[in-house]
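A look at the structure
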Amino acid sequence: MAMKIKFNPNLDFQRDAIDSVTRVFEGQEEGTSRFTVSALPEEGMFSNTEGVGNRLKLLEEDILKNVQSIQIENGLRPDEILNEGLDFTIEMETGTGKTYVYLRTIMEMYKKYGFSKHIIVVPSIPIKEGVYKSLEITKGHLKELYDNINYNFFVYDSSKLNQVRDFATNDSLEIMVINIDAFRKSFEDPKDSKKKANIIHRYNDSLGYKPLDLIKNTNPVVFIDEPQSTMSTPLAKKAVQGLNPLCILRYS
């Protein structure tokens, strides 16, 4: 008989961490953005489908007020301005359930504001596999906790680009897990990008797009796992900004 892991959803320090992030967007109206995704011609006829993305309507001045309120409550000196690109850091001690917290945060952001496109960026293959395993073992728990919420998750694989198209066009909650090395290489030598660029940056005939262009249109919420490793170079930071994130949430 397989052992079943039981999760406690009521730990105060985890709940505080989840609330601190979701409250950044307090006042945001629930909603999505829509964009056209063209399909490749079949039998000489073109067809289009609709892509679904996150939409931020809240003004930056309102986000700043929310952030300042959260910082004061947590004994931190309030910022006078927001970081460029809505770039936030959440610090948690080792062993306090960082991955569980940001998975719960994804669910809360979808429930409260309709933010349906999320990308988890990791620094290495072992951490990528660990995050995917966490998504697998928490699925029953999260569905029970969030009224049988319908959501999809996958690890980016350059040989399965149809998953990127589904990520962009599905109107359900979508979670992509990706290693930073899978999309930062195009910035190493722009003059020779055809040779050195990751597949995600190259036009794909069967997809009809550069995979990254589909991702950018979704305006994803980007979660950075272990930012001290994931975003340790200017090129990696530029690559993350190239995802066109609604915001960046660094969990360290």
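Note that the structure is a prediction, hence the values are computed from the model and not measured.

This part covers the overall build of the chain. Of regular secondary structure, the chain possesses nine helices and eight strands. Computed over C-alpha atoms, the radius of gyration of the chain comes to 19 Å, within 12% of the 18 Å expected from 2.2 N^0.38 for 252 residues, which places it in the range of a compact globule. Here the chain holds 252 residues, and the buried ones make up 47% of them. Summed over its atoms, the accessible surface of the chain is roughly 13,600 Å², and 47% of this surface lies on carbon and sulfur atoms.

Right, let's get into helix α4 (residues 125-145). With 21 residues, α4 should reach 30 Å at 1.5 Å per residue; the first-to-last C-alpha distance of 29 Å fits that figure. When α4 is considered as a whole, its buried residues turn out to be Lys128, Val131, Ser134, Leu135, Thr138, His141 and Leu142. A positive backbone phi angle near 55° is found at aspartate 147, which sits one or two residues after α4.

So, on to the pairing of strand β8 (residues 247-251). Counted residue by residue, β8 has five buried out of five residues, so it is predominantly covered. Taking every second residue as pointing to the same face, both faces of β8 are buried, with Cys247, Leu249 and Tyr251 on one and Ile248 and Arg250 on the other.

With that out of the way, let us pick up the confidence of the model for the chain. Segments scoring low in pLDDT should not have their predicted coordinates read at a detailed level. Of the residues in the chain, 91% have a pLDDT of 70 or more, and the chain-wide mean is 89. No element of the chain has a lower mean pLDDT than helix α6 (residues 193-196), which averages 56, and none a higher one than strand β4 (residues 117-122), which averages 98.

In this structure, the largest pocket spans a volume of roughly 680 Å³. Ser20, Leu76, Thr89, Ile90 and Glu91 are the residues nearest the centre of the largest pocket, which is lined by 24 residues in total. Elements that contribute at least two residues to the lining of the largest pocket include exactly α1 (12-22), α2 (60-73) and β3 (87-90). With five residues, the single largest contributor to the lining of the largest pocket is α1. Counted by class, the lining of the largest pocket contains 13 nonpolar, six polar and five charged residues.

Strand order in the open sheet formed by six strands is β3-β8-β7-β4-β6-β5, and the pairing between neighbours is parallel. With one partner strand each, in any of the chains shown, β3 and β5 (151-155) form the two edges of the open sheet. Strand-to-strand twist across the sheet, computed as the mean angle between neighbouring axes with direction ignored, equals 20°. Contacts from helix α3 (residues 98-113) reach β4, β5, β6 (173-179), β7 (221-225) and β8 within the one sheet, and its direction differs from that of β7 by about 175°.

Under the criterion given, the structure shown has 10 salt bridges. With a closest N to O distance of 3.2 Å, arginine 34 and glutamate 50 form a salt bridge. Within this pair, whereas arginine 34 is found in strand β1 (residues 32-42), its partner glutamate 50 is found in strand β2 (residues 45-54), the two being separated by 16 residues in sequence. In this structure arginine 34 comes out as partly exposed when scored by relative accessible area, which is 47%.

What follows is about the nonpolar core. Of all hydrophobic cores here, the largest spans 41 residues; its most connected members are Phe25, Ile63, Ile120, Leu249 and Tyr251. Ranked by residue count, the leading element in this core is α3, at seven residues. In this view, isoleucine 63 contacts Val24, Phe25, Leu56, Leu58, Leu82, Leu86 and Phe88; residues no more than four positions away in its chain are not counted. Listed in part, the 28 residues of the second largest apolar core include Phe35, Leu161, Val164 and Ile224.

Another aspect to go through is the side chain of asparagine 179. Note that asparagine 179 resides in strand β6. Those residues in contact with asparagine 179, other than ones at most four positions away along the chain, are Val122, Pro123, Ser124, Ile125 and Lys128.

Take the environment of isoleucine 125 next. When you line up the elements, isoleucine 125 lands in helix α4. Isoleucine 125 sits 114 residues away from alanine 239 along the chain, and the two C-alpha atoms are 18 Å apart.

Before going further, it helps to spend a moment on the environment of isoleucine 127. Mapped onto the elements of the fold, isoleucine 127 is located in helix α4. A relative accessible area of 27% places isoleucine 127 in the partly exposed class. A C-alpha to C-alpha distance of 26 Å links isoleucine 127 and lysine 210, two positions 83 residues apart in sequence. In this view, isoleucine 127 contacts Val122, Asp225 and Glu226; residues no more than four positions away in its chain are not counted.

About the criteria used
Residues numbered from 1 in each chain as written. Predicted model: local features only at pLDDT ≥ 70, side-chain atom pairs only at ≥ 80, totals over all residues. Heavy atoms only, no water. Helix = DSSP H or I, 4+ residues; strand = E, 2+ residues; numbered from the N terminus. Rg over C-alpha atoms; globule rule 2.2 N^0.38 Å. Buried < 20%, exposed > 50% of the residue type's maximum accessible area, 1.4 Å probe, protein only. Areas by Shrake-Rupley, 256 points an atom, 1.4 Å probe, with all protein chains shown as cover. Expected span 1.5 Å × (residues − 1). pLDDT = per-residue confidence, 0-100. 1 Å grid on protein atoms, 1.4 Å probe; cavity = no way out; pocket = protein on both sides within 12 Å on 5 of 7 lines; lining within 4 Å. Points joined across faces, edges and corners; volume = space filled by probe spheres on them. Nonpolar A, V, L, I, M, F, W, Y, C, P; charged D, E, K, R; others polar. Pairing = 2+ DSSP bridges. Axes fitted to C-alpha atoms, helices over the stretch in contact; angles between N-to-C directions. Contact = heavy atoms within 4.5 Å. Salt bridge = Lys/Arg side-chain N within 4 Å of Asp/Glu carboxyl O. Core = buried A, V, L, I, M, F, W, Y, C linked by side-chain atoms within 4.5 Å.

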